[in-house]
Amino acid sequence: EMFPTDTRFNTHVTTLSMHGSYVERVTMKKYLEKMDSLNVYIEDSYLRNYLSYVMDFDAALGIMMNDLRDKNLLDKTTIYCG
């Protein structure tokens with residue numbers, strides 16, 4: 001369970017998915033295919049791969065936000081991205 005509801009807790013979540021070498025990876029294939037299906041053409045492969053990482057981060061953040069909302073913890077949570 002990602003967030004307990006019966007006790008107070010403090011957690012620190014960090015991600016490295018938005019940092020590093022933006023090379024094409026198998027795990028990003030679904031996002032690259034999504035860009036292709038929307039006719040998003042980006043000639044620079046570095047930028048294209050970077051955007052797939054942004055899409056992956058956005059999906060992970062959405063999962064976390066939905067879980068907090070479903071457990072009525074969203075109003076009791078501080079989320080900092082910086």
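Before any of the text, the structure's been laid out above.
Here's a quick rundown of the structure.

Conventions and cut-offs
- Counting starts from 1 at the beginning of each chain's written sequence and moves along it residue by residue.
- Local features in this predicted model are restricted to residues whose pLDDT is 70 or higher, and side-chain atom pairs enter the listing and the counts only when it is 80 or higher, whereas totals over whole chains, interfaces and linings include all residues.
- With hydrogens and water excluded, all non-hydrogen atoms of the structure serve as input to the side-chain values.
- Numbering of helices and strands runs from the N terminus; a helix is a DSSP stretch of H or I covering at least four residues, while a strand is a stretch of E covering at least two.
- Within 3.5 Å is the distance limit for a polar contact, defined as a pair of N or O atoms, with the added protein rule that one can donate a hydrogen and the other accept it, and that residues adjacent in sequence qualify only through two side-chain atoms.
- A contact between two residues is defined here by any heavy atoms of the two lying within 4.5 Å.
- For salt bridges, the criterion is a side-chain nitrogen of Lys or Arg within 4 Å of an Asp or Glu carboxyl oxygen.
- The cut-offs for exposure are 20% and 50% of the maximum accessible area for each residue type, with area from a 1.4 Å probe on protein chains only; residues under the lower value are buried, those over the upper are exposed, and the others partly exposed.
- Fitting a line to C-alpha atoms yields each axis, with helices limited to the stretch in contact; the angle taken between N-to-C directions then spans 0 to 180 degrees.
- Convention used here: angles under 35 degrees read as roughly parallel, angles over 145 as roughly antiparallel, angles from 65 to 115 as roughly perpendicular, and any remaining angle as oblique.
- Three residue categories are used. Nonpolar comprises Ala, Val, Leu, Ile, Met, Phe, Trp, Tyr, Cys and Pro, charged comprises Asp, Glu, Lys and Arg, and polar comprises the others, including Gly.

With respect to the element layout, Arg-48 can be found in helix α2 (residues 45-70). Looking at Arg-48, its side chain comes within polar contact range of the side chain of Asp-36, at 3.1 Å. Every residue in contact with Arg-48, bar those within four places of it in the chain, is listed here: Leu-32, Met-35, Asp-36, Val-40 and Ile-42.

Moving on: the pattern of salt bridges. What the rule picks out here adds up to four salt bridges. With a closest N to O distance of 3.7 Å, Glu-33 and Lys-29 form a salt bridge. With a gap of four residues between them, Glu-33 and Lys-29 both fall in helix α1 (residues 29-37), about one helical turn apart. By relative accessible area, Glu-33 is classed as partly exposed at 43%. Its salt-bridge partner being Asp-36, residue Arg-48 comes within 3.1 Å of it at the nearest N-O pair.

Direction vectors running N to C along α1 and α2 enclose 110 degrees, while the axes themselves pass 9 Å from each other. Considering the angle they form, α1 stands roughly perpendicular to α2. Counting all contacts with α1, which are made through Tyr-31, Leu-32, Lys-34, Met-35 and Asp-36, the residues of α2 involved are Arg-48, Asn-49, Leu-51, Ser-52, Met-55, Asp-56 and Ala-59. Classifying every residue of the contact of α1 with α2 gives six nonpolar, two polar and four charged.

Keep in mind that these numbers describe shape and distance, not what the molecule does.
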